[in-house]
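Residue strings, one per chain:
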Amino acid sequence: MKPQTVLLESHDISKSFGSFIANDKINFNVLKGEIHGLLGENGAGKSTLLKIISKITTPTAGEIKIKGSTASLLEVGTGFHPELTGVENIYLSGAVLGMKKKQIKENLKEIIDFSGLNDFIDTPIKRYSSGMKVRLGFSVAAHLTADILLIDEVLAVGDEAFQKKCMEKIDNISSNGKTIIFTSHNMMAITKNCTRTILINKGKIEFEGETKIAVEKYLIQNLSVGKNIESKNLGFNKSTSIEDLNFYFKKQNKYIKSNTIPIGSDLKINIKLIDHKIKKRDLLFNFVIHSLNANPLTTFGNEFNLNKVSYDGKNNNFSFNFIVKEILWMPDQYMVDLAIKDLLFGHSCYLKNIARLTILESDIYDTGKIKFKGQGLFITKSKIEKEI
């Protein structure tokens, strides 16, 4: 097998700002044609590293060796001027990003079509919404012809359909032999697209290798969440409120607190209630899961089997767990609603959008592959048997 070409090598890269160390002896390499992920919480040193690679800033120590050209998509809309029209800003931003006028002219129609702003392309962009500026900025940068494209969290804004379109474009760029270094807090985007991933923590590389492992480590270390809702009155009685609501996924017989759940995991939901009048209650809970555009996915709880949750006033704090075995929802982002009924008093309430869940792709079949291609709302596990 022909060895893969190394396009980028980082040797002991360090960057300090006074006494603060943003990058500390960073060593890694990037291969031709791969999408290399970069993970880490805010302040971990990801953006500083990308700026060193793109030569926006220089390292305090160490060196970067690069074969070929680089282009940066670190801030969407670089070079835009509010008084110029959309098409004028395509030429301006393209020039700032290093594109030749001839190259911009040859790709102009494709850039405009990709942005979806055909009807507004002759309008000054001071009249554009922030989402429209994102569309135009990404459309310009996506047509750069550099050997390595650096992308930093540009998909955190823009509507869901355009984000999907951007990810398809990124995949297409990689398929054509270009190399991408991609950083994002969107675990689905990292998991779906990155062949290898670096996890950075406090300026140091904590892990480099298989994306699935990097994401799992990131979830465990950085995605634990606090309250999804602040103390929320149940609506049917002013004395009773939800004090806390948390989600957990099961990994190696241990529950890990996170709103990001790998597909195939068991899901635990913990609810803590407080009742200041300490009354006896018999409660039914019904969780409704729906997409971000409000399409229902599924519902579950103790309402259907009438297995009521009771408390009798011995203390005023109550905690309940709901366990959902092997989540097989399609990888995506979902919202959670909660309906509660009090059987003793006949009261009920419906709490909308109390939390957001992200379902991640995972190797549920143990094949070594995590990408899903298909349609529908659920993954249905099946097997084939030879008839004798």
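Scroll up a little and you will see the structure.
Analysis parameters
- Residues numbered from 1 in each chain as written.
- Predicted model: local features only at pLDDT ≥ 70, side-chain atom pairs only at ≥ 80, totals over all residues.
- Heavy atoms only, no water.
- Phe/Tyr/Trp six-rings, centres within 6.5 Å; stacked < 30°, edge-to-face > 60°.
- Helix = DSSP H or I, 4+ residues; strand = E, 2+ residues; numbered from the N terminus.
- Lys NZ or Arg CZ within 6 Å of the ring centre and 35° of its normal.
- Pairing = 2+ DSSP bridges.
- Axes fitted to C-alpha atoms, helices over the stretch in contact; angles between N-to-C directions.
- Buried < 20%, exposed > 50% of the residue type's maximum accessible area, 1.4 Å probe, protein only.
- Left-handed = near helix turned anticlockwise from the far one by under 90°.
- Contact = heavy atoms within 4.5 Å.
- Nonpolar A, V, L, I, M, F, W, Y, C, P; charged D, E, K, R; others polar.

Trainee: Describe the packing of aromatic side chains, with residues and values.
Mentor: Applying the stated criterion across every chain, the model contains 6 aromatic pairs. Aromatic side chains Phe 285 and Phe 322 sit 5.4 Å apart centroid to centroid with 65° between the ring planes, which places their arrangement in the edge-to-face category. Residue Phe 285 is found in strand 15 (residues 281–291), and its partner Phe 322 is found in strand 18 (residues 317–324); the two are separated by 37 residues along the sequence. With centroids separated by 5.4 Å and ring planes inclined at 25°, the aromatic side chains of Phe 287 and Phe 300 adopt a geometry described as stacked. Of this pair, Phe 287 sits in strand 15 while Phe 300 sits in strand 16 (residues 296–301), and the two are 13 residues apart along the sequence. Here a set of aromatic residues connected by ring pairs shows up, and it is made of Phe 285, Phe 287, Phe 300, Phe 320 and Phe 322. Lys 165 extends its terminal NZ or CZ atom over the ring of Phe 114, reaching a point 4.8 Å from the ring centre. In this structure, Lys 268 packs its charged tip against the face of Tyr 255, placed 4.7 Å from the ring centre.

Trainee: I'd like to hear about the sheet that holds strand 7 (residues 179–183), residue by residue, with values.
Mentor: The 6 strands lie next to each other as 5-6-7-3-8-9, forming an open sheet whose pairing is mixed. Sheet topology places strand 5 (70–73) and strand 9 (204–210) at the edges, where each strand pairs with a single neighbour. Here the average twist between neighbouring strands, direction ignored, is 15°. By the bridge criterion, 4 bridges tie strand 3 (residues 35–39) to strand 8 (residues 196–201) in an arrangement that is parallel.

Trainee: Go over helix 1 (residues 46–53), please, and point to the residues and values.
Mentor: Where burial is concerned, most of helix 1 is hidden: 6 out of the 8 residues are buried. Where helix 1 terminates, the next one or two residues include Lys 55, which has phi positive at roughly 65°.

Trainee: Account for the packing of helix 3 (residues 101–115) against helix 4 (residues 130–141), with residues named and values stated.
Mentor: Interhelical geometry of helix 3 versus helix 4 gives an angle of 140° and a closest axis separation of 8 Å. Helix 4 is crossed by helix 3, and the crossing has right-handed handedness. Only Arg 135, Leu 136, Phe 138, Ser 139 and Val 140 of helix 4 make contact with helix 3, whose side of the interface consists of Ile 111, Phe 114 and Ser 115. Here the residues of the contact of helix 3 with helix 4 sort into 5 nonpolar, 2 polar and 1 charged.

Purely geometric numbers; function is a separate question.
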